[in-house]
Amino acid sequence: MEDRLYWLGWQCLMPEHGKRLWSLLRHFGSPRAAWEASPRELAGAPWSGEENPEELARRRAGLDPVKEAEKLQCAGVDFICCDDPGYPENLLQIFDPPPVIFIKGSLRPSDKLAVAVVGSRKPSPYGLLVAEKLAKDLAALGITVVSGMARGIDTAGHKGALAGGGRTVAVLGCGPDVVYPRENKKLVDRIVENGAVISEYPLGTLPEPWHFPARNRIISGLSLGTVVVEAAEKSGALITADFALEQGRDVMAVPGNVVSPLSRGPHRLIRQGARLVEGAGDIIDEMG
């Protein structure tokens, strides 16, 4: 069995434990050696948390990487391993990239020039207008727009990029074959034709709440900069901005109505030094 299938097997077994999985692979030296390790050898791995080696070995024995690859092919989904030539260079540079990403559509070398547009799931008409216009203008300049397919600002960002005749990448908090939210089915199809829908979660994985904070590190990791358009004080968009800072990427924010709760997130970022964005030109200037 080729090495990339062992990568696939581990990603299917432990999609929600990226840091633990990297620890396991470093301990054994390769995904193949880890896959062939006995329960006793697994128990000697430096887990970053509790993991029952007997249970892990049992689940491993019940998973056939070859059949998982066949399921992906039947679903029209490809997978890219971290040591494959096509793995996104920007993402590979972050602290804990997913060892394997599942993809519908295609990633291109030009997608390295990417900006994330993120924000509230319940934006104002102003927020929707700004997000769509920013994404449209960025796409017209050849910049790939990355977002998370959520309702609100994310959806506006994807639609704007497509309207600008450019490319967009959607990062999911569920399996690559699961459409969430459901009303975005047609949007997903358009993105697959003009970019990519990607996930670190295997087929059939439902959109659980705890998937989305982890998903956000991939959104920022794929991008050279992240723009926040409307976000409450405890918004997931601010988590994405925090990841971007940790990854050494640019963080930018669009100012909003001073009496709106949705302006508190962007305004806080601006006070902390984020670039104030009024148009695509500000983003280009910030990214050099």
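A quick note: this is a predicted structure, and the numbers were derived from the prediction, not measured. (Residues numbered from 1 in each chain as written. Predicted model: local features only at pLDDT ≥ 70, side-chain atom pairs only at ≥ 80, totals over all residues. Heavy atoms only, no water.)

**Q** Let's hear about the overall build of the chain: which residues, and what values?
**A** From N to C terminus, the chain includes 14 helices and nine strands. For 288 residues, the compact-globule formula gives about 19 Å, and the C-alpha radius of gyration of the chain, at 19 Å, lands near that figure. Based on the C-alpha atoms only, the size of the chain along its principal axes is roughly 60 × 35 × 35 Å. Counting across all 288 residues of the chain, residues that qualify as buried make up 55%. Considering only contacts in the chain between residues 6 or more positions apart, those separated by 24 or more positions represent 71%. (Helix = DSSP H or I, 4+ residues; strand = E, 2+ residues; numbered from the N terminus. Rg over C-alpha atoms; globule rule 2.2 N^0.38 Å. Buried < 20%, exposed > 50% of the residue type's maximum accessible area, 1.4 Å probe, protein only. Contact = heavy atoms within 4.5 Å.)

**Q** Could you give an account of the sheet that holds strand E1 (residues 78–81), with specific residues and numbers?
**A** Two strands in a sheet stick together by hydrogen bonds in their backbones, pointing the same way (parallel) or opposite ways (antiparallel). Ordered in space as E1-E2-E6-E5-E4-E3-E7-E8-E9, the nine strands form an open sheet in which the pairing is mixed. Each having just a single partner strand, E1 and strand E9 (275–276) make up the two edges of the open sheet. Pairing geometry for strand E3 (residues 114–119) and strand E4 (residues 144–147), over three bridges, is parallel. Following the sheet pairing, valine 115 is matched in E4 by valine 145. Packed on one face of the sheet, helix H9 (residues 153–163) meets E3, E4, strand E5 (168–171) and strand E7 (225–229) and runs near 145 degrees to E3. Against the sheet, helix H13 (residues 264–271) contacts E7, strand E8 (250–254) and E9, and its axis sits at roughly 130 degrees relative to E8. (Pairing = 2+ DSSP bridges. Axes fitted to C-alpha atoms, helices over the stretch in contact; angles between N-to-C directions.)

**Q** Account for the packing of helix H1 (residues 3–13) against helix H2 (residues 18–28), naming residues and giving values.
**A** For the pair H1 and H2, interaxial distance at closest approach is 10 Å and the crossing angle is 140 degrees. For the pair H1 and H2, the crossing hand works out as right-handed. Between H1, through Trp7, Trp10 and Gln11, and H2, the contact on the second element is made entirely by Leu21, Trp22, Leu24 and Leu25. Broken down by class, the residue content of the contact of H1 with H2 amounts to six nonpolar, one polar and no charged. (Left-handed = near helix turned anticlockwise from the far one by under 90°. Nonpolar A, V, L, I, M, F, W, Y, C, P; charged D, E, K, R; others polar.)

**Q** Describe in detail the side chain of threonine 240, supporting the description with residues and values.
**A** Relative to the helices and strands, threonine 240 resides in helix H12 (residues 236–246). Classification of threonine 240 as buried rests on a relative accessible area of 1%.

**Q** Describe the packing of helix H8 (residues 125–140) against helix H14 (residues 280–287), listing the residues and the values that go with them.
**A** Any two packed helices are characterised by the angle at which their axes cross and by the distance between the axes. Taken N-terminus to C-terminus, the directions of H8 and H14 make an angle of 55 degrees; their axes are 9 Å apart at the nearest point. Comparing their axes, H14 and H8 come out oblique. Residues Leu134, Asp137 and Leu138 of H8 pack against Ala280, Ile283 and Ile284 of H14. Here the contact of H8 with H14 is composed, by residue class, of five nonpolar, no polar and one charged. (Parallel < 35°, antiparallel > 145°, perpendicular 65-115°, else oblique.)

**Q** Describe the side chain of threonine 205, and please don't skip the residues or the numbers.
**A** By the secondary structure assignment, threonine 205 is in the loop between strand E6 (195–199) and helix H11 (211–221). Of note is the side chain of threonine 205, whose polar atom sits 2.8 Å from the backbone oxygen of proline 202. Residues within four places of threonine 205 in sequence aside, it is in contact with Cys174, Gly175, Val178 and His211. (Polar contact = N/O pair within 3.5 Å; in protein donor to acceptor, adjacent residues only side chain to side chain.)

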